[in-house]
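A closer look at the structure
Letter by letter, the chains look like this.
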Amino acid sequence: DGAGGGAALSRRGACFIMLYILTATVSIYDFMVVVQTRAPSFREGVLVSDHAFKALLPCVFAHMMLALSVGVYRTPQMAPFHQLYVACRWIALSMAA
């Protein structure tokens, strides 16, 4: 027992944190690639901006899950929160694949 009070992440939790970091990194890379695209017209520029925004959404999701992981060491057992937490992990797995 260290100075932290006994609460520690499981191996699965640590793996999901690494998965969130990987997802955010790939999302930022995709966003930067899309932003570098030159659009010859205004309409195509709007489409590029739309694609760039959609490329950034996984990064936003990953950061929200990272913030949640800081305070939650174990999966909640109450009915709606357990399903939401597990569903978010499945979403993260599908984004990384």
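One structure accompanies this document, and this report is about it. (Residues numbered from 1 in each chain as written. Predicted model: local features only at pLDDT ≥ 70, side-chain atom pairs only at ≥ 80, totals over all residues. Heavy atoms only, no water.)

1. Some details on the overall build of the protein chain
Going by this rule: Put simply, DSSP marks the helices as runs of H or I at least four residues long and the strands as runs of E at least two long, and each gets a number from the N terminus on. We compute the radius of gyration over the C-alpha atoms and compare it with the globule rule, which gives 2.2 Å times the number of residues raised to the power 0.38. What makes two residues a contact is simply this: any of their non-hydrogen atoms within 4.5 Å. Accessible areas in this description were obtained via Shrake-Rupley with a 1.4 Å probe; residue shielding takes into account the shown protein chains only. For the purpose of charge, His is not counted, nor are the chain termini; Lys and Arg are scored as positive and Asp and Glu as negative. Where a charge sits is defined by one atom per residue type, namely NZ (Lys), CZ (Arg), CG (Asp) or CD (Glu).
Across its full length, the protein chain carries three helices and zero strands. Ordered by position from N to C terminus, the α and β elements of the protein chain give α-α-α. Taking 97 residues into account, the globule formula puts the C-alpha radius of gyration at 13 Å, and the protein chain, at 17 Å, lies well above it. Each principal axis of the C-alpha distribution contributes one length, and for the protein chain these read about 60 × 30 × 20 Å. Considering only contacts within the protein chain whose residues lie at least 6 apart along the sequence, 69% involve residues at least 24 apart. Summed over its atoms, the accessible surface of the protein chain is roughly 7200 Å², and 68% of this surface lies on carbon and sulfur atoms. For the protein chain, the distance from the average position of its 7 positive side-chain charges to the average position of its 4 negative side-chain charges is 9 Å.

2. Quick look at a nonpolar patch on the surface
This is how the line gets drawn: Patches draw on residues past 30% relative accessible area with no salt bridge. Two like charges within 9 Å are joined, as are two nonpolar side chains (Val, Leu, Ile, Met, Phe, Trp, Tyr) within 5 Å. For salt bridges, the criterion is a side-chain nitrogen of Lys or Arg within 4 Å of an Asp or Glu carboxyl oxygen. Using a 1.4 Å probe on the protein chains alone, a residue whose accessible area is under 20% of its type maximum counts as buried, one over 50% counts as exposed, and one in between counts as partly exposed.
Side chains of Met78, Phe81 and Leu84 sit close together on the surface and give an oily, nonpolar patch of about 350 Å² of accessible area. On the basis of relative accessibility, which here comes to 53%, the residue leucine 84 falls in the exposed class.

3. Regarding helix 1 (residues 11-35)
Residues spaced three or four apart along an α-helix face the same direction, because each turn holds 3.6 residues. Selection criterion: To estimate how far a helix should extend, the number of its residues minus one is multiplied by 1.5 Å.
For helix 1, which comprises 25 residues, the first-to-last C-alpha distance of 36 Å matches the rise-based estimate of 36 Å (1.5 Å per residue) to within 8%. Within helix 1, burial applies to Gly13, Phe16, Leu19, Tyr20, Thr23, Ala24, Ser27 and Val34. Contacts made by the buried residues of helix 1 are with helix 2 (42-71) and helix 3 (79-96).

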